[in-house]
Number of protein chains: 4
Amino acid sequence: MSGSVIGKHFTVSTWGESHGAALGVVIDGCPAGLSLCEADIQPYMDRRKPGQSDYTTKRREADDIRILSGVFEGKTTGTPISLILYNEDHRSADYSVLADAYRPGHADLAYDQKYGFRDYRGGGRSSGRETAARVASGAVAGKLLKEFGISCRAYTRSIGPVSITSYDEEERLKNSLYMPDASACEKAEAYLKEVMAKKDSAGGVIECVISGCPKGLGEPVFDKLSADLAKAVCSIGAVKGFEIGDGFASADTLGSKNNDPLFFKEGGIHTASNHAGGIYGGIANGADILFRAAIKPTPSISQTQDTVTRDGKPIKLEIPGRHDPVIVPRAVVVVESMACLVIADHLIGNMSSRLEGMLAFYHCQP
Amino acid sequence: MSGSVIGKHFTVSTWGESHGAALGVVIDGCPAGLSLCEADIQPYMDRRKPGQSDYTTKRREADDIRILSGVFEGKTTGTPISLILYNEDHRSADYSVLADAYRPGHADLAYDQKYGFRDYRGGGRSSGRETAARVASGAVAGKLLKEFGISCRAYTRSIGPVSITSYDEEERLKNSLYMPDASACEKAEAYLKEVMAKKDSAGGVIECVISGCPKGLGEPVFDKLSADLAKAVCSIGAVKGFEIGDGFASADTLGSKNNDPLFFKEGGIHTASNHAGGIYGGIANGADILFRAAIKPTPSISQTQDTVTRDGKPIKLEIPGRHDPVIVPRAVVVVESMACLVIADHLIGNMSSRLEGMLAFYHCQP
Amino acid sequence: MSGSVIGKHFTVSTWGESHGAALGVVIDGCPAGLSLCEADIQPYMDRRKPGQSDYTTKRREADDIRILSGVFEGKTTGTPISLILYNEDHRSADYSVLADAYRPGHADLAYDQKYGFRDYRGGGRSSGRETAARVASGAVAGKLLKEFGISCRAYTRSIGPVSITSYDEEERLKNSLYMPDASACEKAEAYLKEVMAKKDSAGGVIECVISGCPKGLGEPVFDKLSADLAKAVCSIGAVKGFEIGDGFASADTLGSKNNDPLFFKEGGIHTASNHAGGIYGGIANGADILFRAAIKPTPSISQTQDTVTRDGKPIKLEIPGRHDPVIVPRAVVVVESMACLVIADHLIGNMSSRLEGMLAFYHCQP
Amino acid sequence: MSGSVIGKHFTVSTWGESHGAALGVVIDGCPAGLSLCEADIQPYMDRRKPGQSDYTTKRREADDIRILSGVFEGKTTGTPISLILYNEDHRSADYSVLADAYRPGHADLAYDQKYGFRDYRGGGRSSGRETAARVASGAVAGKLLKEFGISCRAYTRSIGPVSITSYDEEERLKNSLYMPDASACEKAEAYLKEVMAKKDSAGGVIECVISGCPKGLGEPVFDKLSADLAKAVCSIGAVKGFEIGDGFASADTLGSKNNDPLFFKEGGIHTASNHAGGIYGGIANGADILFRAAIKPTPSISQTQDTVTRDGKPIKLEIPGRHDPVIVPRAVVVVESMACLVIADHLIGNMSSRLEGMLAFYHCQP
């Protein structure tokens, strides 16, 4: 079954394996007239790229994005935008041990169970490299959102036990762990060094804030904005949990504390607090949207692990290559990209919620 | 925009407001030949019904389900199944105060912002009553899954600070809070009495275990089984968080501990632990699928609350009617229903993952 | 598989069998604020109703439409609109002979082949009665289109060999055959009397003109406006052909004659002829959209026919009940309804084709 | 809005402009385990390629297909298959006159009206070159269908007034016009020479026969097999009409003649004639499926034509480059490809029509 297409209006179709010739994405439904060139997308790719610090894998990946269609004279034409990343020539031989062995914590076994066999080179389609196509399309969605004054900002909230305790926007995209709190970053780096010394790996939590989102986005009752964010974020391989606003904490509070009081100011009604995370009944209410994603520790570790081969024989496995001790920093831009895709999709979907809005739209057309 | 349709294959379209003439659901894509009658569905409806205990609202709702189409001589025909619940004659006047006032913690304001006005009677479409249609269709999906030996069992894991510490299947559907731990239930009831005395409300966590799910369900990379569960569960109004397997706890552990070791037994490969919650790379691996949903405290409380009218004027609001001090017990069957819908959808979707499976299917057709 | 849902934005889900308790439709995606009541829909239902003339079946059907949700104080709320038609109590016994026999020209055999069995009463889901739900939703779409100055007008172009030779709008909805040419109608009636005398049935061609459609509707390359009209119209059971503009005649002309010349007038560019039928490259160009549907003769005839039973035994079949000698007049409003659904869907879809249009829309929101 | 994605299960997303860097298609939902390499696809591409005869344009196009993903060690992996065609370096300057002028019979004006501007080089996205991506994916679908013994065979039925009068399978793919009747081909060539001498162009009719299609394919009531074929075929730019079985001829016959009588032979029930074209009630009944598409004359002709510029100024336009005097022969494989895509999609969709089929499927899984 088709499963690599997401979005009803701003529709994204990704393809590609870790060690194939290339990977990419087709965006169908981007409005015409948006300025777009490779330089708009590349910075997003670079945030995901390995080798940025001591805490990401030393592997080199060719992440030079190319636009193959849908842009003419610097502007989107309204037709499908095809983006491609060519893979460098990999020495696939390195991965031959994985043809037979199932890596614990990976999808190797699941792919074999579903499809009968798999492209085992670097994880094939289940590789984290798949997320590069998400980021490429997320960058286009982000460019679109900017035109409407909407920003999505994701960052590392915690690495293992180390959480941020303050928020510094300047720090957010600067340090090696994309933590908007320099002091927490320092502690997290110390923690990661310990983990790496044990040939182990760590997880963490990514948080994302969406500002400037128009009121009204989100479609009850199933395509709630929160539900579509949950799906988009939980479709990232390493994500094990999602929460919006106060999330799991709201399960252990009281209604009188959890309800956001309403008040009137400057021509509009606002919430005095934001326990809900900017969404009520699945509909954005104009406040900042805030959600979090739990990221599991990198499954590839340098320790020898007990596992089995395709035939069920027990073996000791040492996974070849170098591994990210933590996925979180590189996943920050992936989470942000998924948020951009969802908001862009709903920005379009919401345009038909009222007859009067539709009439105004068509009456002012040329 | 359309937002009340869910499922690609087992497609469900719900409709209806709290105080309209009726509410219901159309199921399109249920295979022909499934035995089905109202008595298969009614027990699910009864689990959601108010007035079951001291801890649910005393409101009475007519939840007698009727099948209007798609069943002939006791079996589904493969054509759309229409299910309807007629609403009792409500004294809508009771709700007139809500025509102007926005209830804190509710979607009243958001609906007005999106649509320009709203059916304010009992929350209209944003009422929890909407979930009755989910449960009706979930019961049909659950009946289908039973044929394949698949069961979805949801239960209350915690109410406020009180969590279960053991699991007793017999207790699960027996007590007033749907907690599979009689002693925790007792403590939770005591907690709720305190909350009710303060005219306040509580939240909690619902857990769901899916057993017998065939290996291979789930479609990478976006329609992962976990991602579709996340969306379905987070589309329930009161849900603020979702986690699968170890969820947020996995963010603060080590890779060596989080990876589920593989071993061979009785002709198959299994995981020795289940930190992943039965899904790898978005694909079910045959182990129990386990997820949790965070439910916020009931927003309708008996305390007087500060809020504003549609014109922005501040008022003191006392919400008329009786309220559930906690939504969790009635939401258990809603969560379970959404799980059933997702698994039924993927059960169908997975049938085309391999050419050899498709060939075998068509070669044995009459 | 789900197959009774149509429309990406103005999404329609129909259900119901000929002799079930009721049949109906759920419309999801209709914008809020449209005035709507049963009286807006009923006239459409009446155009489809049997028993209107000597040339339609004498069967009586209860086609009193009811709105069950999605409308509050006379206006659509933006949430799903559920429409229902209760079936009268049928003497199902009349149809018992059809439990075993396959009627030639009907879908009886095909349903058994696909689903293993079928609701044989009056054709079940494959009955022409299914189209009542299309008409009910088409009426809502038509009401929406009227707000934008768009009209869809279908009519009988020919019955058997008798075609219209002139167009009189007043006549269109007046005569027994919905032919906009009184003299052709007279000839067609004479032809039908002959056909009826032979216990036989006739077919014909329905034409539809859509005026006032905004330029730009239609989404290349697959969701062309013409392609979606083709699908919607060909999904009507009795339709065997579809053509747009000059249709099949354009296959035997020359490019120099078939191209519509362009000229400038009153601030816009227009086509001097309309061989294309108002759509170029799948996109409406502002001219009238014109298409035709070929309708086969009613398969139920009063002659005794040779056929087989479910076991393959040859039998002589006399189909019980009274039959339409021609379906065309009653199908006119069905074709028109499908056109309304497609245009409403694309009216919404087209709103995001340009960035500047989207920006203007959001900048003028309250 | 997204409009370049087709298929619910075997989902195809095309992209690319006539004069962009490349064009291609992503196939999502092809089952794993299908043998596939470029050599399986190339012959389909070659049937569409220009320059094959005197009756196709002399333009050269680089139609060397490349597989970028979804195939590993010669077999499909179940993940998205990305196919790409690089465009040769075009001298775009040739087309500069078209930046301002609207070609009659083309979508130039419609694209400007919808999107505000367009990629005018060679028609951009509205170019016939777009169909190369359809053919590439159709070839993959055709390879899949072959495994099930299903064949789709399209051919030229008529060019202008010249129709085939016999059917010779060997001739079908041999002659310059893809006519399965050598003598008709000769006459059609003579007709085309006349047309070319007048600097004009011709149209024609393409017919397609699908054999070996399993009974049961097609999903009532909207996703009828016939309706989905109608949409797929009418989405090809030059198609102006579609008919199935006897098509428009059935509008002028009698029910007694149009009904296909049923009889029993060799363990199954068959139709003695095939006026319906192999589909009843939208469901394939096992007989050959037969449909036709009307193709308009090539809009680009060598005559000077009257038209207007973007500013509405009248001009005399001579379209640069060489033109196909008739599109029909090159469109044959495009029609066939769309048929393959639809049948592949429904082959998957039909697998869940019966509970017993689904149970058998899952019980025989490893």
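Each remark here, short or long, concerns the structure printed above.
To start, this report covers the structure provided alongside it. (Residues numbered from 1 in each chain as written. Chains lettered and ligands numbered in written order. Predicted model: local features only at pLDDT ≥ 70, side-chain atom pairs only at ≥ 80, totals over all residues. Heavy atoms only, no water.)

Quick look at the state of the cysteines
- One pass over the structure, following the stated rule, counts zero disulfides over all chains.
- Cys185 of chain A carries a free sulfur, and the closest cysteine sulfur to it, the one in Cys208 of chain A, is 19 Å from it.
- For Cys364 of chain B, which is in no disulfide, the shortest distance to another cysteine sulfur is to Cys364 of chain D and amounts to 6.5 Å. (Disulfide = S-S within 2.5 Å.)

Remarks on the packing of helix H6 (residues 225-234) of chain C against helix H8 (residues 328-349) of chain C
Residues and elements named next belong to chain C.
- Packing of H6 against H8 brings their axes to within 9 Å, and their N-to-C directions diverge by 145 degrees. The handedness of the crossing between H6 and H8 is right-handed. Contacts from Leu225, Asp228, Leu229 and Ala232 of H6 reach H8 at Met338, Ala339, Val342, Ile343 and His346.
- A per-class count over the contact of H6 with H8 returns seven nonpolar, one polar and one charged. (Axes fitted to C-alpha atoms, helices over the stretch in contact; angles between N-to-C directions. Helix = DSSP H or I, 4+ residues; strand = E, 2+ residues; numbered from the N terminus. Left-handed = near helix turned anticlockwise from the far one by under 90°. Contact = heavy atoms within 4.5 Å. Nonpolar A, V, L, I, M, F, W, Y, C, P; charged D, E, K, R; others polar.)

As for the relation of the copies chain D and chain C
- Aligned on chain C, chain D shows an RMSD of 0.0 Å; the corresponding rotation is 180 degrees and the shift along the axis is 0.0 Å. Both copies of the chain, as the preceding transformation shows, are related through a two-fold rotation axis.
- Both copies contact each other with a shared surface, as 100% of the interface residues of chain D are interface residues in chain C too. (Least-squares fit on C-alpha atoms with pLDDT ≥ 70 in both.)

Considering the interface of chain D and chain C
- Taken residue by residue, the interface counts 109 residues in chain D and 109 residues in chain C.
- Taken as a group, Met1, Lys114 and Phe222 of chain D account for 11% of the area that chain D buries against chain C, more than any other trio of residues on that side.
- Salt-bridge contacts for Asp228 of chain D lead to Lys231 of chain C; the nearest nitrogen and oxygen are separated by 2.7 Å.
- Per-element accounting of the side of chain D that touches chain C gives the leading share, seven residues, to helix H2 (residues 108-115) of chain D.
- Here the residues of the side of chain D that touches chain C are counted per class, giving 46 nonpolar, 39 polar and 24 charged.
- Inspection of the sheet shows strand S11 (residues 239-244) of chain C paired to strand S11 (residues 239-244) of chain D by three bridges, in the antiparallel sense. Looking at S11 of chain D, one finds that Phe242 of chain C is bridged to Phe242 of chain D. (Buried area = accessible area lost by both parts, 1.4 Å probe. Salt bridge = Lys/Arg side-chain N within 4 Å of Asp/Glu carboxyl O. Pairing = 2+ DSSP bridges.)

Describing the side chain of Ser127 of chain C
Residues and elements named next belong to chain C.
- The topology assignment puts Ser127 in the loop between helix H2 (108-115) and helix H3 (131-147).
- One polar contact links the side chain of Ser127 to the main-chain amide nitrogen of Arg129, over a distance of 2.9 Å.
- Those residues in contact with Ser127, other than ones at most four positions away along the chain, are Ser18 and Gly122. (Polar contact = N/O pair within 3.5 Å; in protein donor to acceptor, adjacent residues only side chain to side chain.)

Re the sheet that holds strand S2 (residues 11-16) of chain D
All names here are of chain D.
- Read from one edge to the other, the open sheet built from five strands follows the order S1-S2-S3-S7-S4, with strand pairing classed as antiparallel. Among the strands making up the open sheet, the edge pair consists of strand S1 (5-6) and strand S4 (66-67).
- Of the pairings in the sheet, the one linking S2 to strand S3 (residues 22-28) comprises six bridges and is antiparallel in character. Across the sheet, residue Val12 finds its bridge partner in S3, namely Ile27.

Focus on the packing of aromatic side chains
All names here are of chain D.
- Counted by the stated rule, this structure contains 26 aromatic pairs over all chains.
- Taken together, a centroid distance of 5.6 Å and an interplanar angle of 55 degrees make the contact between Tyr111 and Tyr115 tilted. With a gap of four residues between them, Tyr111 and Tyr115 both fall in helix H2, about one helical turn apart.
- Tyr115 gets classed as buried once you look at its relative accessible area, which sits at 4%. (Phe/Tyr/Trp six-rings, centres within 6.5 Å; stacked < 30°, edge-to-face > 60°. Buried < 20%, exposed > 50% of the residue type's maximum accessible area, 1.4 Å probe, protein only.)

Description of the sheet that holds strand S16 (residues 289-295) of chain A
- Pairing is antiparallel in the open sheet, where ten strands are placed in the order S9(A)-S8(A)-S10(A)-S16(A)-S11(A)-S11(B)-S16(B)-S10(B)-S8(B)-S9(B). Only two strands of the sheet have a single neighbouring strand rather than two, namely strand S9 (162-163) of chain A together with strand S9 (162-163) of chain B.
- By the bridge criterion, five bridges tie strand S11 (residues 239-244) of chain B to strand S16 (residues 289-295) of chain B in an arrangement that is antiparallel. Looking at the pairing, Val239 of chain B lines up with Ile295 of chain B of S16 of chain B.

Some thoughts on unusual backbone geometry
- Looking along the chain, the bond that leaves Pro220 of chain A and enters Val221 of chain A is cis, with omega of 0 degrees.
- The topology assignment puts Val221 of chain A in the loop between strand S10 (204-211) and helix H6 (225-234).
- A positive phi angle is found at Glu266 of chain D, which is not glycine, with a value near 50 degrees.
- On the secondary structure map, Glu266 of chain D appears in the loop between strand S12 (262-265) and strand S13 (268-271).
- For Glu266 of chain D, a relative accessible area of 74% gives the class exposed.

Focus on the environment of Asp223 of chain C
- Examined against the element boundaries, Asp223 of chain C turns out to sit in the loop between strand S10 (204-211) and H6.
- Each C-alpha atom of the pair Asp223 of chain C and Ser158 of chain C lies 29 Å from the other, and the pair is 65 residues apart in sequence.
- Contact partners of Asp223 of chain C, with chain neighbours within four places excluded, come to Lys8, Gly218, Asp228 and His346 of chain C together with Ser2, Gly3, Val5 and Lys231 of chain D.
- In terms of polar contacts, Asp223 of chain C uses its side chain to reach the side chain of Lys231 of chain D, at 2.6 Å.

Some thoughts on the pairing of S12 of chain D
Residues and elements named next belong to chain D.
- Summarising the sheet, S12 and S13 pair through four bridges and their orientation is antiparallel. Across the sheet, the residue bridging to Lys265 is Gly268, located in S13.
- In sequence, S12 turns back onto S13 through a hairpin of two residues, with Glu266 there showing a positive phi of about 50 degrees.

Examining the pattern of salt bridges
Residues and elements named next belong to chain A.
- All told, the structure shown has 92 salt bridges over all chains when counted by the stated rule.
- A salt bridge links Arg157 to Glu207; the shortest N-O distance between them is 2.8 Å. Residue Arg157 is located in strand S8 (residues 151-159), and its partner Glu207 is located in strand S10; the two are separated by 50 residues in the primary sequence.
- You can call Glu207 buried: its relative accessible area is 5%.
- Bridged by salt links that share partners, the residues Arg47, Arg153, Glu169, Arg172 and Glu336 form one connected network.

Examining the side chain of Thr307 of chain B
- With respect to the secondary-structure elements, Thr307 of chain B resides in strand S17 (residues 305-308).
- A relative accessible area of 2% places Thr307 of chain B in the buried class.
- A polar atom in the side chain of Thr307 of chain B sits 2.6 Å from the backbone oxygen of Tyr102 of chain B.
- The contacts of Thr307 of chain B, once residues within four sequence positions are left out, are Leu262 of chain A together with Tyr102, Pro104, Lys313, Pro314, Ile315 and Leu317 of chain B.

What about the relation of the copies chain B and chain A?
- Aligned on chain A, chain B shows an RMSD of 0.0 Å; the corresponding rotation is 180 degrees and the shift along the axis is 0.0 Å.
- In this assembly the copies share their binding face: 100% of the residues contributing to the interface of chain B also contribute to that of chain A.

A word on the interface of chain B and chain A
- Taken together, the 109 residues of chain B in the interface contact 109 residues of chain A.
- Roughly 8,200 Å² of surface becomes buried between chain B and chain A when both sides are summed, with 59% attributable to carbon and sulfur atoms.
- The partner of Asp223 of chain B in a salt bridge is Lys231 of chain A, with the nearest N and O atoms 2.6 Å apart.
- The interface formed by chain B and chain A includes 51 residue pairs in polar contact (both at pLDDT 80 or more).
- With seven residues, the single largest contributor to the side of chain B that touches chain A is helix H2 (residues 108-115) of chain B.
- For the side of chain B that touches chain A, the class distribution of residues is 46 nonpolar, 39 polar and 24 charged.

So, helix H9 (residues 355-363) of chain D
- Listing the buried residues of H9 of chain D in full gives Leu355, Gly357, Met358, Leu359, Phe361 and Tyr362 of chain D.
- Structurally, H9 of chain D contributes buried residues whose contacts are with helix H3 (131-147), helix H8 (328-349) and helix H9 (355-363) of chain B.

Honestly, that's just the spatial picture; any functional story needs more than this.
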